[in-house]
Amino acid sequence: MSTEKNTLRRTLDRLFVPLTVGPTLLWIAAIIVYPTLKLLWSSVFWQNPISGEKQFVGIRNFTELLFATGSQTGVFGLAPDFVSITWHTVVYVGLSVSISFFLGLGIALLLDRDLLGRGWLRTAVIVPWVLPYVMSGLMWRWMFQSQYGAINGLLTQSGLLSQKIAFFSDGTLSMMALIVADIWVFTPFIIIILLAGLQNVPEQLYDAAEVDGAGRFSRFVNVTYPFLKPSILVALTIRIIFDIRALDLVWVMTQGGPGKSTEVWASWLYRTAQVFNRPGEGAALGVVLLAVTFLIVAALYRIFGESPY
Amino acid sequence: MSTKRSTLDSVVDALGLDTEDEWPYIVRERLLAYALLAVYVVVIWFPIYYILITSLKPTTEVLQIPVTFVPSHPTISNYIEIFQNRPFGTFTLNSLVVAVTTTVICVTLGTVTGYSFSRYDFFGNKALLLSIVGARMIPPIALIVPFFSIMSNPPLIGGLTGSLYDTRIALILTYTFFNLPFAVWIMKNYFDGVPESLDEQARIDGCSRWEGFVKIILPMAKPGIAATAILAFIFSWNEFVFALVLTSSPQAQTLPIAVSLFVADDFVDWAHLAAGGMIAALPGILFGLFFQRYIVSGLTQGAVKE
């Protein structure tokens, strides 16, 4: 009896790793690997929107989206839509990430002190990031609203402006509103990651630098930055790849408009696949997005000279 | 000590508090830090304040010029109306069911798998861990096409269940897609910080691997589990893209979708949208206010390598 129990015990022990790792691997295979393979598969088919019939088209979905066809003329033979949407994405991601990075770095350096009430201050700066992006996007759409929005209200009622601004009727102002919302939502993330990184800087090095008479800037460059570099890399990588894929803010604030002036990759992909019901081309865009994401990660790790994980 | 005059110096002068000796550098620097942080906090909280007061204004006051920054007749009628005129009870229930189930699945699998990755050197563990981490980089939106077709016509179980489109199950399955790799990674890093001597001690005391894990290691891992659970819950609760693609009716639509539905083609019902938005934001605000420590530690464990 007891030997039987022991055998069972030993068998279970030997199976510890397969039993703890196996289910997760199967789950991941079903929910990540399989859909990703299916994405590649779907990207080479064209689906008739009415009959639903599928037809193998090779790389035609890619070429039609990316390259100019027929009478179109584009830079380097690229499709005009592709070029302009890519440009919007670069502007949106580039400005949001860089502004929120420097803002977040500044706040993190301020919060890294031994301030009274630091816990509460941290809490206060983190909250925007934990709200649903949809709610944050709509909140900013309301802030920028042309008649009753808080920003127009503040500007006109304080006498700074005589006329209200219709932010969302103008492409550039719409993009600006999106970028403001994006910075508001994601700066807390930068703050959290950089604050954690700042804990790795040895206190004595600061003291030593002070004794050497190093100014604040040179202290940052020579003492803080080398220790902070891994965290900066993580913060930037995640920030950039999450911004390229972000649909929430764009979709609830501008839907890519007015016209196509704020259409970015994520909204283009969603519109193609779901609104226009063209899954083949949507999948092709998904493949491109996936490839770009991995290229960006590889490039960032190259630039910072670290190996990814 | 620097002889340069800063803005703060002038403030200190104006208050008649100054001399360099009485106001050591560090005090002035700290005051400046407080001032900057105070401005920042006020600016970032203002939109939250504005949407909150919008939710408390009657529609007539919301659409009134000049804009009021303190509601003149605060009321909770917007909140009551969205539960009466729209199925906000169902939306909230959907959000809860989806977020809680996703969290339980991801925390359970993430904890046991993270532990094995942390402790055991099994075949292909490095490569497997790397691919799990890599999976986190896959943009969910890139996969809306395959997920839409898989959920509309699920393979293997399709004959049993029929279409999963517009069900909570579809959302739960897709939400594990980005939460499970994250959970494994956070927990693996967390267990790396739990001393291995504890495992050995348990073994010496005659515990099997399972007993040692459940009785000795799991209790030590509570903070890590809490952090993983809170983040998985927030990510699932807030998710919008898959909910937009995979649901179409109140039987599965979650709060983020419900809030976006206040936007009609030309007209936005801002007063009620604000109330719905506040409800959708509530768990985030509560978690942010009371569990900030766990959010920070989870994100840090999950983001920073090793």
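Residues numbered from 1 in each chain as written. Chains lettered and ligands numbered in written order. Predicted model: local features only at pLDDT ≥ 70, side-chain atom pairs only at ≥ 80, totals over all residues.

*Asks:* Before we go on, may I ask you to explain the overall build of chain B in this structure?
*Replies:* Secondary structure assignment for chain B yields 16 helices and 0 strands. Expressed as a percentage of the 306 residues in chain B, the buried residues total 44%. Residue pairs in contact within chain B that sit at least 24 positions apart in sequence constitute 74% of those at least 6 positions apart. (Helix = DSSP H or I, 4+ residues; strand = E, 2+ residues; numbered from the N terminus. Buried ≥ 20, exposed ≤ 12 C-beta atoms within 10 Å, placed from the backbone. Contact = placed C-beta atoms within 7 Å.)

*Asks:* I'm lost on the overall build of chain A in this one. Help?
*Replies:* In terms of regular secondary structure, chain A is built from 13 helices and 2 strands. Its C-alpha radius of gyration of 25 Å places chain A more than 25% over the 19 Å reference for a compact globule of 309 residues. Over its C-alpha atoms, taken along the principal directions, chain A stretches across nearly 85 × 70 × 40 Å. Burial statistics for chain A: of 309 residues in total, 41% are counted as buried. Expressed as a percentage of contacts within chain A between residues at least 6 apart in sequence, the contacts between residues at least 24 apart total 62%. (Rg over C-alpha atoms; globule rule 2.2 N^0.38 Å.)

*Asks:* Explain the environment of Ala273(A) to me, please; I cannot follow it from the model alone.
*Replies:* For Ala273(A), the position within the fold is in helix H12 (residues 265-275). Taking the C-alpha atoms as reference, Ala273(A) lies 9.7 Å from Ala284(A); in sequence the two are 11 residues apart.

*Asks:* How do you make sense of the domain arrangement of chain B when you look at a structure like this?
*Replies:* Accessible area lost upon the coming together of the parts is a frequently used measure of interface size. All names here are of chain B. Taken domain by domain, chain B holds domain 1 (7-79) and domain 2 (83-303). Here the C-alpha centroids of domain 1 and domain 2 sit 35 Å apart. Counting residues at the interface gives 9 residues for domain 1, matched by 7 residues for domain 2. Looking at which element gives the most residues to the side of domain 1 that touches domain 2, the answer is helix H2 (residues 25-55), with 4 residues. (Domains from an automatic or database assignment.)

*Asks:* Just checking my understanding: could you explain the interface of chain A and chain B for this structure?
*Replies:* At the junction of the two partners, chain A supplies 75 residues and chain B supplies 77 residues. In terms of residue class, the side of chain A that touches chain B is made up of 55 nonpolar, 13 polar and 7 charged. (Nonpolar A, V, L, I, M, F, W, Y, C, P; charged D, E, K, R; others polar.)

*Asks:* In this structure, what is going on with the domain arrangement of chain A? I would like to understand it.
*Replies:* Under the domain assignment used here, chain A contains domain 1 (1-34) and domain 2 (80-303). The straight-line distance from the C-alpha centre of domain 1 of chain A to that of domain 2 of chain A is 42 Å.

*Asks:* What is the right way to read the packing of helix H9 (residues 203-211) of chain A against helix H10 (residues 216-245) of chain A from this model?
*Replies:* Residue and element names in this part refer to chain A. Viewed as axis vectors pointing N to C, H9 and H10 meet at an angle of 145 degrees, and their least axial separation amounts to 10 Å. Crossing angle aside, the handedness with which H9 passes H10 is right-handed. Between H9, through Leu205, Tyr206 and Ala209, and H10, the contact on the second element is made entirely by Arg219, Asn222 and Val223. Broken down by class, the residue content of the contact of H9 with H10 amounts to 4 nonpolar, 1 polar and 1 charged. (Axes fitted to C-alpha atoms, helices over the stretch in contact; angles between N-to-C directions. Left-handed = near helix turned anticlockwise from the far one by under 90°.)

*Asks:* Would you mind going over unusual backbone geometry with me for this structure?
*Replies:* Backbone geometry follows two general trends: most residues other than glycine have a negative phi, and most peptide bonds adopt the trans configuration. Looking along the chain, the bond that leaves Ile65(B) and enters Pro66(B) is cis, with omega of 0 degrees. Tracing the sequence through the fold places Pro66(B) in the loop between helix H3 (59-62) and helix H4 (77-85). Of note in the backbone geometry, Asn277(A) takes a positive phi value of approximately 55 degrees without being a glycine. With respect to the helices and strands, Asn277(A) occurs in the loop between H12 and helix H13 (279-303). The exposure class of Asn277(A) is exposed, given the 12 C-beta atoms found within 10 Å. Residues other than glycine seldom take positive phi values, yet Asp166(B) does so here, at roughly 60 degrees. One can find Asp166(B) in the loop between helix H8 (158-161) and helix H9 (168-192).

*Asks:* Explain the confidence of the model for chain B here, please?
*Replies:* Low pLDDT means the predicted atomic positions in that stretch should not be read closely. Residue-level pLDDT values for chain B average 86, and 88% of them are 70 or greater. In the model output, the complex is listed with pTM 0.89 alongside ipTM 0.88. (pLDDT = per-residue confidence, 0-100.)

*Asks:* Even after reading the chapter, I still don't get the environment of Trp251(A), so can you show me in this structure?
*Replies:* All names here are of chain A. Note that Trp251 resides in helix H11 (residues 248-253). You can call Trp251 buried: it has 22 C-beta atoms within 10 Å. Remark: the alpha-carbon pair of Trp251 and Ala266, spanning 15 residues in sequence, is separated by 9.0 Å. Dropping the residues within four chain positions of it, Trp251 is found in contact with Ser267 and Tyr270.

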